[in-house]
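# Tertiary structure, described
Here is how the chains run, residue by residue.
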Amino acid sequence: MELLSGWWDDFFWGSVVVAQVFLASLVLMVIFGLIGAAAKLSGNRIVQKIANGYTVVFRGTPEILVILLLYFGSAITLTWISRLFNPDIKFVDVPPFWAGTVAIALIVGSYATETFRGAFLGVRPGSIEAAKALGMSGLQVFFYIRIPEMWRLALPPFGNHMLSLIKDTALISIIGLNETLFVAKQAIGTTGKPFTMYIVVGLIYLGFSTVITLTVMALERYGNHTVRAR
Amino acid sequence: MISPQPLIRMQNVGKHFGTFQALKGINLDVIKGERIVVCGPSGSGKSTMIRCINRLEKHDEGRILIGDTELTDQIKDLNAVRREIGMVFQSFNLFPHMTILNNLMLAQKLVRKTPKAKARDIAMRYLERVKIPEQADKYPVQLSGGQQQRVAIARALCMKPEVMLFDEPTSALDPEMINEVLEVMVDLAREGMTMICVTHEMGFARSVADRVIFMDAGEIVEEADPETFFKTPQHERTKLFLSQILSH
Amino acid sequence: MSFDLSLIVETVPKMLAGVGLTFQLLGLSAFLGLILAIVLLLMRISGKWYLDWPAQLYIYVFRGTPILVQIFIIYYGFPQLEFIRESVLWPIFRDPFGCAVVALSLNTGAYVSEILRGGVLGVDRGVLEAGEALGLSTTQRFIYLTTPIATRLALPAYGNDIISLLKSTALASTITLMDMTGIARTIVAQTYAPYEIFISLAIIYMILTFFLQKFIGLIEAYLGRYTKRES
């Protein structure tokens, strides 16, 4: 335990970074997922093909590769663009935080498109018809019938997406993000105790995923309390 | 004449699910060759009662004896008892991943240790009995409901059981298929197979039953031979049930 | 900024040289992981708490932590422990390939056991009751009824896990292994051409994934043939 005495602070701030990446990528993931699902449901062949392409690309490519590509690729592009304006610039890069966040949001977002699409289709047509027959407007049907039911259906797989997101943040350490794995590397440099340090990182992530799992369980129970059969 | 020992004896049998009392004070003796029909409203405990006989449900009070063997938690060879009791389910429950022939042969090979060729013969014979030998190599999903149920009956018969239990065998069938299954059951009854049949098919009860039992709220309310049962029911509940079921 | 096609032509063969290692990692980890998954599954459904709880704990830990962390713990962390260094398994843990296989197997084992358990739970209760009524023993029901049906049910999710495993093999490049990703990263460091190299690599992975999916689809179709309805 004395080993860690200098490092608690750093691990704490590393965890904060993990949380920040998680929240930022969560927002983006939902956005990408919804856009993708809407595209797949749109009926427009070209738009559907693009959405399917999005899914195929990001489901078939290793996460680490996407992160590397986005980070180094964007750096090259930005540097090139900046040099058009100022030839003296040597190197411009996208902060690893954003390269990484966007990368994992795109990846998990591609799975989320299927989840949202499935949830949308899973709403019983009978409920929709009944609502319309009762005279509810399109918007009312959407918000009062569609959304609650979709939410209930999407929750379990969405919980898994959130777990994927939090675990993928570890990969961003590879491009230099100052989160827990990165801190661990530095700690190992001075203490020479890799096992201890990486176990600490593991426990931190276990803590995060536990919080997410418990939250999802609570939300599921809330969402199902009216629907569960006695 | 010395009366033969009952194949099945249920003495003061009770069962509850949590706080719900599903069976109360059930007394029933079934002798060889008897054909019994059990009827009653939903939730009356009819299914629970026959499921206790082959211990798919465990009774909580009273005793159940199959032949000389009592059904308890300490029973040594439950499967030996189950071999002798054939069961046909409302939802057929054929093994979906096996052909019809294999459905009929599996238990013969595993439980009765019948060699493959002999099991095959027995299987084909019973398939002919239920009039669908040509379906032998098909999969359950390719058969109609009525055909599947007939296969299920054949599957139970292949084990040459002493007694057959039927748990609402026609309730899940489309009306036009009910008769083909009932015909098989009537044939079986006429040949003297001991059977307990939970059903709503009163025509069946009238033509082959030795005894009709009416259950309600977990108890046996009335039992009598079909003639007496349908013409002159004694209890109010029985009369009410009969009026509901026979009028529509 | 140009897109250097000649560079791609030059480097793709170099990257493909790593495909052997990729498949070794994939095949070995999938196989060992499956064995572990079956053991964990049996522990989970045994009904005995002293088997069920440890299995649950194991699955919880391995699904709740990033696989990269698991790889680092084994590759960088284990050498710190004396009893590892002195054990008979040391040659495995000293070698990056050994560490990668162990880490990937332990990880996929946890996921696959839950997938298998999902299949087992999905078997129609009525079918098992029919087996009981016919006098089949618990073991017989498990072998002849549960296993074939559960396998078919679990196959789609299992296929997805294999694809995930393929993608996870790329992480072996972080512990010095020269699989396709490892080779690619080296080339990028030398040529500063991330777009050409990484995009080509991504396409290679996508092609591999495509064929893997097709293959699994064929197996699914073959095993599920009894579920097709006719007329």
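This write-up is about the structure you can find in this document. Keep in mind that this is a model prediction, so the values were computed, not measured. (Residues numbered from 1 in each chain as written. Chains lettered and ligands numbered in written order. Predicted model: local features only at pLDDT ≥ 70, side-chain atom pairs only at ≥ 80, totals over all residues. Heavy atoms only, no water.)

### Re the sheet that holds strand β4 (residues 61-66) of chain B
Residue and element names in this part refer to chain B. In space, the four strands of this open sheet follow the order β2-β1-β4-β5, with antiparallel pairing throughout. At either end of the open sheet lies a strand with only one pairing partner, and these are β2 (20-30) and β5 (69-70). Judged from the five bridges that link them, strand β1 (residues 8-17) and β4 form a sheet pairing that is antiparallel. Following the sheet pairing, I8 is matched in β4 by I66. (Pairing = 2+ DSSP bridges. Helix = DSSP H or I, 4+ residues; strand = E, 2+ residues; numbered from the N terminus.)

### Side note on the packing of helix α1 (residues 5-16) of chain C against helix α10 (residues 180-191) of chain C
All names here are of chain C. It is at 9 Å that the axes of α1 and α10 come closest, and there the two elements cross at 145°. At the point where α1 passes α10, the crossing takes the right-handed sense. Listed contacts from α10 to L7, T11, K14 and M15 of α1 are M180, I183, A184, I187 and T191. (Axes fitted to C-alpha atoms, helices over the stretch in contact; angles between N-to-C directions. Left-handed = near helix turned anticlockwise from the far one by under 90°. Contact = heavy atoms within 4.5 Å.)

### Some thoughts on unusual backbone geometry
Residue and element names in this part refer to chain B. Despite not being glycine, R55 shows a phi value in the positive range, around 60°. When you line up the elements, R55 lands in the loop between α1 (46-53) and β4. Given the relative accessible area of 8%, R55 is considered buried. A positive phi angle, close to 60°, is found at F92, a residue other than glycine. Turning to its location among the elements, F92 is positioned in the loop between β6 (85-88) and α3 (100-110). (Buried < 20%, exposed > 50% of the residue type's maximum accessible area, 1.4 Å probe, protein only.)

### Concerning the nonpolar core
F11 of chain A together with I8 and M10 of chain B are the most contacted members of the largest nonpolar core, which has 156 residues in total. Residues L104, I178, V181 and L188 of chain B belong to the second largest nonpolar core, which totals 53 residues. (Core = buried A, V, L, I, M, F, W, Y, C linked by side-chain atoms within 4.5 Å.)

### Remarks on helix α4 (residues 96-122) of chain A
In an α-helix there are 3.6 residues to a turn, and that puts residues three or four apart on one side. Along its 27 residues, α4 of chain A runs 38 Å from first to last C-alpha, staying within 8% of the 39 Å computed at 1.5 Å per residue. Of all bends in α4 of chain A, the biggest is about 30°, found at S110 of chain A. (Expected span 1.5 Å × (residues − 1). Bend = angle between axes of the 7 residues up to and from the residue.)

### Some details on the interface of chain B and chain C
Many analyses report the size of an interface as the accessible area lost when the parts associate. Counting residues at the interface gives 25 residues for chain B and 24 residues for chain C. A combined buried area of about 2200 Å² lies between chain B and chain C, and 62% of that area is made up of carbon and sulfur atoms. Its largest share of buried area at the contact with chain C, chain B owes to H97, L110 and V141 of chain B, together 27% of the area lost on that side. Scanning the region where chain B abuts chain C turns up two salt bridges. The interface formed by chain B and chain C includes five residue pairs in polar contact (both at pLDDT 80 or more). (Buried area = accessible area lost by both parts, 1.4 Å probe. Salt bridge = Lys/Arg side-chain N within 4 Å of Asp/Glu carboxyl O. Polar contact = N/O pair within 3.5 Å; in protein donor to acceptor, adjacent residues only side chain to side chain.)

### Quick notes on the packing of aromatic side chains
In total, this model carries 18 aromatic pairs over all chains according to the counting rule given. Seen in terms of ring centroids, Y198 of chain A and Y76 of chain C are 6.1 Å apart; in terms of plane orientation they differ by 35°. Their pairing is tilted. On the criterion of chain membership, the pair formed by Y198 of chain A in helix α8 (residues 194-224) and Y76 of chain C in helix α4 (residues 67-77) is interchain, its members lying in two chains. Taking relative accessible area as the criterion, Y76 of chain C reaches 29% and is therefore assigned partly exposed. Ring plane angle 90° and centroid distance 5.3 Å describe the contact between F229 of chain B and F230 of chain B, whose orientation is recorded as edge-to-face. According to the relative accessible area criterion, F229 of chain B is buried, its value standing at 0%. (Phe/Tyr/Trp six-rings, centres within 6.5 Å; stacked < 30°, edge-to-face > 60°.)

### Quick word on the pairing of strand β8 (residues 194-198) of chain B
For a regular strand, side chains alternate in direction, first toward one face of the sheet and then toward the other. Residues and elements named next belong to chain B. A large share of β8 lies buried, amounting to five of its five residues. Of the strand pairs in this sheet, strand β3 (residues 35-39) and β8 are connected by four bridges, and their pairing is parallel. From the neighbouring strand, I36 faces β8, where its bridge partner is I196. The pairing of strand β7 (residues 163-167) with β8 spans five bridges and is classified as parallel. Bridge pairing in β8 places V163 opposite T194. In this fold, the crossover linking β7 to β8 by way of helix α6 (residues 175-190) has right-handed handedness. (Right-handed = clockwise from strand over helix to strand, strands pointing away.)

### Here we look at the packing of helix α2 (residues 45-60) of chain A against α4 of chain A
Residues and elements named next belong to chain A. Following both chains from N to C, one finds α2 and α4 inclined at 125°, their axes separated by 9 Å at the closest point. As judged from the angle between their axes, α2 and α4 are oblique. Here α2 runs over α4; the crossing is left-handed. Across from Y54, T55, F58 and R59 in α2, the residues of α4 making contact are A105, L106, I107, G109, S110, Y111, T113 and E114. Its residues placed into classes, the contact of α2 with α4 shows six nonpolar, four polar and two charged. (Parallel < 35°, antiparallel > 145°, perpendicular 65-115°, else oblique. Nonpolar A, V, L, I, M, F, W, Y, C, P; charged D, E, K, R; others polar.)

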